[in-house]
Amino acid sequence: SLLLLLPQPPTITNQSPKDYIIDPRENIVIHCDAKGTPHPSFSWTRNGTHFDTDKDPNVSLKPESGTLVVDISRVKAEQYEGTYQCTARNIHGTAISSNIVVRQSRSPLWSKEKIQDIVVPEGVSLVLPCEPPTGLPPPILFWMDNFQKLPQSKRVSQSLNGDFYFSNVLQEDSRNDYICYARFTHTQTIQQKQPIKVKVLNSNGEFLAPSSPTFLVPSGSSSFKTVLRGHTLEMECIAEGLPTPEISWTKVSGDLPSGRASEMNYNKTLRILDVSESDAGEYRCTARNELGSARHSIHVSVTAAPYWIRGAPRNLVLAPGENGVLTCRASGTPKPTVTWTMNGVPIENSPKDPSRRVEDDTIIFTDIQSGSSAVYQCNISNVHGYLLSNAFVNVLSEPPRVLTPSNQVNQVIRNHRALIDCSAFGSPIPGCRVTLDGDPYILHENGTLEVPNAQARDSGRYTCVARNTLGTYENHVSLEVKEPTRILKQPDYKVIQRGRPVVFECKVKHDPTLLPTMTWLKDKGELPDDERFIVDSDSLTINDVTENDAGVYTCIMNTTLDHDSASARLTVVEAAPTPAVVYERPDPPSDLELTDQKKRSVQLTWTPGNDHNSPIQKFLIQYEDSLHHRGHWHNLTEVPGTKTTAHLKLSPYVHYTFRVLALNGVGFSHPSYHSRVYKTDGAAPDENPTGVQGFGTEHNNLVISWKPLTGLQANGPGLHYKVMWRQKAPGSDWTVVTVANNSKFVVSGTPTFSPYELKVQAVNDYGPGPDPPIAHGRSGEDLPIAAPENVRVNVLNSTLAEVHWDPVPFDLIRGHLKGYKVYYWRKHSLHKHNPDHMEQDILTFSGNHTRGMLPGLHPFSLYSFNVRVFNGKGEGPASHSQQFKTPQGVPGPPTSLIVTNPNLDSLTLEWRPPHDHNGHITGYTLKYQPVNNSNDLGPVEELALAANETSVTLLNLKYSTRYKFYLNAKTVTGAGPAATQEAITSLDEGKLSDTETAVASRQVDIATQGWFIGLMCAIALLILILLIICFIQRNKGGKYPVKEKEDAHTDPEFQPMKDDDCTFGEYSDNEDHKPLKGSRTPSNGTVKREDSDDSLVDYGEGGDGQFNEDGSFIGQYSGKSASRDTAEGHESSEAPSPVNAMNSLNSFV
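Because the structure is a prediction, the values reported are computed rather than measured.

### Structural notes on the overall build of the protein chain
Scanning the protein chain from N- to C-terminus turns up six helices and 85 strands. Out of the 1149 residues belonging to the protein chain, those deemed buried represent 43%. When the accessible surface of the protein chain is split by element, carbon and sulfur atoms take 51% of a total near 60,000 Å².

Structure representation (C-alpha cells):
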C-alpha cells in the first residue's frame, strides 16, 4: 500500500497479441491495461493515425482500462481491420503497446470445378490434390469418404500441403468418394472439396513388376529450406516404388536433436521443435526397398526474429545524483537494428537531457536529476519481426521505510535455518546494517538476515536499520529458538500370542513452550473404535489381542513447528508349542503407497512381508526412471527395519517408480511389486556443466568445451547451454551464444593467444541454471615472431661450450612457452687438412631457460650456432648465427700402424697420422715391450718421435721374439689414445695382424722343438697303420658303415670315426690313387692363409664326382668341412705337416 502512493510512470500490464485474428460473429475486444501513479489515461492509434473513440458510436473503452470494445451488431467486423497501438500516459511518462494487427478470420469455399475420374493401373503411384482455399488462419486439412477418415499407412498418406499420396495403388484403393476437408478453427466451420473418383485397373493375376524408389516430393536430388529460430521445422519425403519404400532420416553434419526431433507420418515427416541455430545443416532422407534406394538432401538454414539475450530492459528507480543504465540487448539473424523512443517520441526528437547518453543498445544516465522521469521504449527489429519493450526511469527522493511489520515474532527449531525478514524501501536505496557478534550471520541483498544454524543463544530482539541520505528508519523483530521434538524411545517390534496384552511405548521430548499432540495410527489409518485400545500420554496398550490387531502401529508427535514419528509391527501368533525355528529370507514388502506428494519429495509407505523368524534389519528402496533409463533400477535410500515409511527426496523431471526390498539375517527378499509412477515436474537445472576450458586449435580461434549434463541432471526438456566469453581486458563485454546437442563451441576470429574468461550455463525449457563460475582459457597459438636477443657463448673447454641468451618477451612468443632450441654445427676443423662439416645438431632446453650447455664438441674446430624459441605451435625465427672456436684437445689414435721388414733382430713400424688432429701434432711417443710364451710383458722401451715422421726402424731386437708396440700422437694439450700392434722378429717380410702374428709365434716356438717333431712323427705312423688295416678289411669284403648307409638310404650324413671297429663313418677309396695333399711350412715358420689353405681341418680326401669300386658316389662321403671354424674332429688320409698337426692339437686342447 505504501508503494502504491509513490509517483510512478505508466507500465503496460496486459495487451492483445501482435497478430490478433478475430471471429467476425463476436464483438472485437482489443486489450490494453496499464498501471502507474497517478493512474494513466489511454488513447489509441489506428493504421498510424489517432483513433478518436469518442466519435465512433460502435467503439467504447472499458472503465479504468484502455481495453477497446467494438460492437459489431450494426457493422461488419472487416471495417475495423487494421493496425492498432495503445498509449498509456500520466504526468511522469508515456508507455505504448506493440502494434496489434487485427484481422478477421476467413473460411472461404472451394471454387467450383469439375473433377475428372482417375483411372490408373495397379502398382503405379498416384497423387490426389487437395488445393484448399486460402483461409485465415490456415485450415486443418484431412481426407474422408462419406462416412469416416481414410486410413493411412506407409503406402498411403497425406502430405503437409494436404495432398493425398499413394506410393503404389492396389485394387482396394478404388473408391468413388475421396474428399478433402478443411476445418477453420476460428469460425468452427468445415468446407469440403468435390469428391474424387479413383478406379484401379485389375492386373488380372499378372505379375506386378517391382520398381526401385523415386521421390514424389520433394523433387530433384536436393532442396533448401529456411526456418525461424524457435519455430517448428517440418520436412517431408514421400516416395513411390514397389514394394513400398521405407523412409529414414539422418543429419549429415551431426545427430538429430535429442528430445526435439520426431519422425511422423510413417517416417515421411521429420519434425524438429523449438529450432535453434545448431539445427542448421544438411538433412538427408533415404527411401529404400529391396530393389534399391533413393536419397534427397535438404539444406536447412536458420534465421531468427529478434530475441532477448539478457531479458527485456528493467525499470530504474533512481535518486537525484545517482547513475543508472538501461540495456536493450537482443540478437537475431540478420542482426537487428535498435531504436529508442522516449514517451513514444523518437529519442533524437525528445527534449535534451545532459544526464542521458545513448550508445547503441544502451542508455547511460549520469548524475540524473529530478524531472528526468520518463518511459523509454526500445524497438529491436529485422526482416522477421520486432521486439518492443517499455522501461521507465523514475527519479524519486524518498526517506527509508521498513515494510516488515514491527515487533514481528519469528519461531524456528534449533539447528534449523532462521530467516528474519527486513524489507525496506527508499530512494536512494537504503542500506541495511545489523550489528551482531558471534555466529556467522548472513545478510542478504533484500535485507533478510539468515541464521544458518539457529541455537538457543540466537533468541532475542533484532533491530533492522534502513538508512539513506534522507534519513534513518528502525524496526524491531524477535527470534525464538525452540527445542526440536524427538521420540526418545520408539515402539518395539512385537510378536504376541493371541489373547495376551501388548504395550507399545513412545516416549517423546519436546519444547515446553510448544503445544504437543500425540496421535496413534494403525496401518496409516485411525485406531479402531474399541475399548481394548488404551492411549496414554506416552504409550498404547491393546488388551486381549486378536488376529485382526496385527499390523503396523505408528506414533506421531506434532507441534506447531515440527513433528516426529516412529513405527513398529505387531504380529499375532497362536498359543501353541513352538515349532523348530526355520530361518529364511523375508517375503517382499507389499501395499506400496505414495503420500505427501511435493515437487521434490514424496513419502513412501509399505507393508513388510513375513520375516521368517529373522527380524528385518533394514529396507532398501530402489527406483526406476521410465523417462530416461527404463528397465534400470537404482538404489535410492535405506531405512531401519523398524520403519515402514520413508521420506524420499526427488529430482525434477523424472518418472519415478519405486520398489522395496527387505533384508534380514539370511539375505535380501525379492523386490516388492513396484509402486505407481510418480512424475516430478521439470525445473531449471540445479547445476552447470563442469570441466569448462578454453583452448585454440588455430591461431585465430577459441574452442570452449565442457562436460555436458546427464539426462537426470537436465531437470527438464530442451536442455541447451548458454556459452559466454569475453576477453580478459577492462571493459570487455560478454558474448553469448546458445548451443544444443554439443559439448563444445568454436569462436572464430579471435586475437592470437589472448586470455579469455568463460562461462557455460545450463538452460532448459524451465529456465537457466545457477550463475556459472568463471573459467579461464586462451585462444590458439601462433609461431613466435621474435628471436632471442643478446646471444653469446662461453667456451669452457675443447668439447664443451655454454650458450647464453635473453628471454623472448611473452607477447612475442604468442603461445605457451615450451623452451628454446640451440642449432649448432661444426663448420670445419681448424687444421688445414680437414674439410668442412655442415651437419646440424639440435639441443632443446625446456621451460624458460636462458642458458644451455653444448657437450660433445670437436676440439680445435670452428662452430656456428643460433637460438630459437618455440611454443606449442612451433619454432620462431632464428637468432643471428654466431661462431666460436674450440681450443686444441688431445688427438685421436694414429689412423694405422703396420709392421714391415721383420728380420731376426729388427723390424720397421709405419703409421699414418690421426684422423682427428684436434690441434697441431707436436710429435709421437712409441713404447714397446717383449711378450713371452705365457703372455707376460717385459720391460717397456720408450722412443720420442718428431711430428713429421711416419715410420721408424727398430734395431737390436731379440731373435724370434714377439713384441707389443704402442704409438700415440701429441698436441700441446697432451697425448691421445695409442694404436697398438704386435709382431715377431723373423725373416718373413709380410704384414702380420695381431692374431696371426701371435699364432705364428707360438707355432715357430713349438715346431722347432725336437720333442714335438718326434711326437708328430709317431702320430703320423699310427694313422698310417690304421689306414692299412682298414684297406685290408675292405678287400676281404667286410661291410662298412658307408656300405650300410648306401643300403639304407641315399641321403648321407657325416659319421664320426668309431672307436670300437676302427672305421671311419665317411670313408672313400679312390681307385686313381691321387697323391695326398700335404701342407707347406714357410721358411720363417709362419703360416699364411694364401700360401697354406690345405690342411686336415679344412679338407677331406678325394675330389668331387668320383666313384668307388662298387659304384657308389664318393663325393657324398668325402669329409670336406663346410667351415674352417668347425673342423674339430674331422680327419682325412692326408699326411699331416707338423704345423697343421700342431693346430689340430691346439684345437683339442
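More follows now that the structure is in view.
### Structural notes on the state of the cysteines
Structurally, a disulfide amounts to a covalent bond that connects the sulfur atoms of two cysteines. The final tally for this structure, using the stated rule, is five disulfides. A sulfur-sulfur separation of 2.0 Å characterises the disulfide bridge that pairs C237 with C285. In this structure the cystine formed by C237 and C285 twists about its S-S bond by roughly -70°; its chirality is therefore left-handed. Placement of the pair is C237 in the loop between strand 22 (233–236) and strand 23 (238–242) and C285 in strand 27 (residues 281–289), with a sequence separation of 48 residues. Covalently, C506 is tied to C555 through a disulfide, its sulfur atoms 2.0 Å apart. In this structure the cystine formed by C506 and C555 twists about its S-S bond by roughly 60°; its chirality is therefore right-handed.

### Quick notes on helix 4 (residues 1010–1035)
Every α-helix carries 3.6 residues per turn, so stepping three or four residues along brings you back to the same face. Along its 26 residues, helix 4 runs 38 Å from first to last C-alpha, staying within 8% of the 38 Å computed at 1.5 Å per residue. Residues F1012, M1016, L1027, C1030 and R1034 constitute the buried set of helix 4.

### Things to note about the sheet that holds strand 16 (residues 164–166)
Here three strands make up an open sheet; going across it, the order is 13-16-15 and the pairing antiparallel. Either end of the sheet is taken by a strand with one partner, and the two such strands are strand 13 (126–128) and strand 15 (156–158). Taking the axes of each pair of neighbouring strands and ignoring which way they run, one obtains an average angle of 15° across the sheet. Relative to strand 16, strand 15 is paired through three bridges, and the arrangement is antiparallel. The partner of Q158 across the bridge, within strand 16, is F164.

### Overview of the side chain of D173
Its location among the elements puts D173 in the loop between strand 16 and strand 17 (175–184). What makes D173 buried here is its relative accessible area of 6%. Here R155 takes part through its side chain, which lies 2.6 Å from a polar atom of the side chain of D173. If we skip the residues at most four places from it in the chain, D173 touches R155, F166, N168, Y178, V198 and V200.

### A closer look at the environment of G889
Along the chain, G889 falls in the loop between strand 78 (882–885) and strand 79 (894–900). Residue classification places G889 among the buried positions, given a relative accessible area of 2%. Along the backbone, G889 and D916 are 27 residues apart, and their C-alpha atoms lie at a distance of 9.8 Å.

### With respect to the nonpolar core
Grouped together as the largest cluster of nonpolar side chains are 25 residues, with contacts concentrated most on I28, I30, W44, Y80, Y84 and V102. Of all elements in the fold, only strand 2 (19–22), strand 3 (28–30), strand 4 (32–37), strand 5 (41–46), strand 8 (68–70), strand 9 (82–90) and strand 11 (100–104) reach the threshold of two or more residues within this core. Tallying contributions element by element places strand 9 first for this core, with three residues. When sequence neighbours within four positions are dropped, the list of residues in contact with I30 reads S16, Y20, W44, G66, T67, L68, Y84, I100 and V102.

### What to know about the sheet that holds strand 26 (residues 269–272)
Taken in spatial order, the three strands line up as 22-26-25 in an open sheet, and their pairing is antiparallel. In this open sheet, the two edge strands, each paired with only one partner strand, are strand 22 and strand 25 (261–264). Geometrically, the sheet is characterised by an average inter-axis angle of 20° between neighbouring strands, direction not taken into account. Strand direction decides the pairing type here: strand 22 and strand 26, joined by four bridges, are antiparallel. Opposite E236, over in strand 26, you have T269 as the bridge partner.

### As for the environment of Q104
Checked against the element boundaries, Q104 lands in strand 11. The exposure class assigned to Q104 is buried, which follows from its relative accessible area of 13%. Every residue in contact with Q104, bar those within four places of it in the chain, is listed here: I21, I22, P24, A77, E78, E81 and L136.

### Considering the UniProt feature "transmembrane region" (unreviewed entry) in the protein chain
Per the UniProt record, "transmembrane region" (unreviewed entry) is found at residues 1011–1032. Split by type, residues 1011–1032 is 100% helix and 0% strand. Its first and last C-alpha atoms lie 32 Å apart.

### Focus: the environment of N410
Along the chain, the position of N410 falls in strand 39 (residues 408–413). In the structure, N410 is positioned 69 residues away from L479 in sequence and 4.8 Å away in space, judged by C-alpha atoms. Once residues lying within four places of it in the same chain are set aside, the contact partners of N410 are L419, I420, V477, S478, L479 and E480. Here Q408 takes part through its side chain, which lies 3.4 Å from a polar atom of the side chain of N410.

### Things to note about the pattern of salt bridges
Applying the stated criterion across every chain, the model contains 37 salt bridges. In this structure, R74 engages D71 in a salt bridge whose closest nitrogen and oxygen atoms are separated by 3.9 Å. We classify D71 as partly exposed; its relative accessible area is 26%. The partner of E234 in a salt bridge is R271, with the nearest N and O atoms 2.5 Å apart. Of this pair, E234 sits in strand 22 while R271 sits in strand 26, placing them 37 residues apart in sequence.

### Brief notes about the confidence of the model for the protein chain
For residues with low pLDDT, the predicted coordinates do not support detailed interpretation. The predicted model of the protein chain averages 83 in pLDDT, with 86% of residues at 70 or higher. The low-confidence segment residues 988–1005, where pLDDT is below 50, has 37 contacts with residues more than four positions distant or belonging to other chains. Note on residues 1038–1149: pLDDT under 50 across the span, and 148 contacts to partners over four residues away in sequence or across chains.

### Re a nonpolar patch on the surface
On the surface, a nonpolar cluster with roughly 540 Å² of combined accessible area is contributed by L1021, L1024, I1025, I1028, I1029 and I1032. As for its position among the elements, L1024 is in helix 4.

### Considering the packing of aromatic side chains
Think of a pair of aromatic rings as described by two things: how far the centres are apart, and how the planes are tilted against each other in angle. Scanning the model with the defined rule gives 23 aromatic pairs in all. Measuring from ring centre to ring centre gives 6.2 Å for Y963 and F965, while their planes differ by 25°; the resulting arrangement is stacked. Relative accessible area serves as the criterion here: at 5%, Y963 is assigned to the buried category. F965 gets classed as buried once you look at its relative accessible area, which sits at 0%. The cationic tip of K149 hangs over the ring face of F142; the distance from NZ or CZ to the ring centre is 5.2 Å. Geometry around F870 places K821 over its ring, the cationic atom sitting 5.0 Å from the centre.

### A short note on the side chain of T657
Within the fold, T657 resides in strand 62 (residues 655–663). Residues contacting T657, with those up to four places away along its chain left out, are Q622, Y623, E624, W633, H674, S675, R676 and V677.

### Considerations on the pairing of strand 23
Burial of strand 23 is extensive: four of the five residues sit out of reach of the surface. Where strand 20 (residues 211–217) and strand 23 come together, four bridges link them in antiparallel fashion. Along strand 23, the bridge assignment pairs F215 with A239.

### Some words on unusual backbone geometry
In this structure, P38 follows T37 across a cis peptide bond, with omega equal to 0°. Of note, P38 is situated in the loop between strand 4 and strand 5. Here V217 and P218 are connected by a cis peptide whose omega angle stands at -5°. Counting through the fold element by element, P218 comes out in the loop between strand 20 and strand 21 (222–228). Unlike most non-glycine residues, N343 shows phi in positive territory, near 55°. Take N343: it is sitting in the loop between strand 32 (337–342) and strand 33 (345–346). Take N343: its relative accessible area is 23%, and that puts it in the partly exposed class. In this structure, N741 takes a positive phi of about 60° despite not being glycine. The residue N741 is located in the loop between strand 67 (735–739) and strand 68 (744–748) in this model.

Thresholds, definitions, all that
- Residues numbered from 1 in each chain as written.
- Predicted model: local features only at pLDDT ≥ 70, side-chain atom pairs only at ≥ 80, totals over all residues.
- Heavy atoms only, no water.
- Helix = DSSP H or I, 4+ residues; strand = E, 2+ residues; numbered from the N terminus.
- Buried < 20%, exposed > 50% of the residue type's maximum accessible area, 1.4 Å probe, protein only.
- Areas by Shrake-Rupley, 256 points an atom, 1.4 Å probe, with all protein chains shown as cover.
- Disulfide = S-S within 2.5 Å.
- Expected span 1.5 Å × (residues − 1).
- Pairing = 2+ DSSP bridges.
- Axes fitted to C-alpha atoms, helices over the stretch in contact; angles between N-to-C directions.
- Polar contact = N/O pair within 3.5 Å; in protein donor to acceptor, adjacent residues only side chain to side chain.
- Contact = heavy atoms within 4.5 Å.
- Core = buried A, V, L, I, M, F, W, Y, C linked by side-chain atoms within 4.5 Å.
- UniProt positions renumbered as here; feature names shortened; annotations may be inferred.
- Salt bridge = Lys/Arg side-chain N within 4 Å of Asp/Glu carboxyl O.
- pLDDT = per-residue confidence, 0-100.
- Patch = residues over 30% accessible without salt bridge, like charges linked within 9 Å, V, L, I, M, F, W, Y side chains within 5 Å.
- Phe/Tyr/Trp six-rings, centres within 6.5 Å; stacked < 30°, edge-to-face > 60°.
- Lys NZ or Arg CZ within 6 Å of the ring centre and 35° of its normal.

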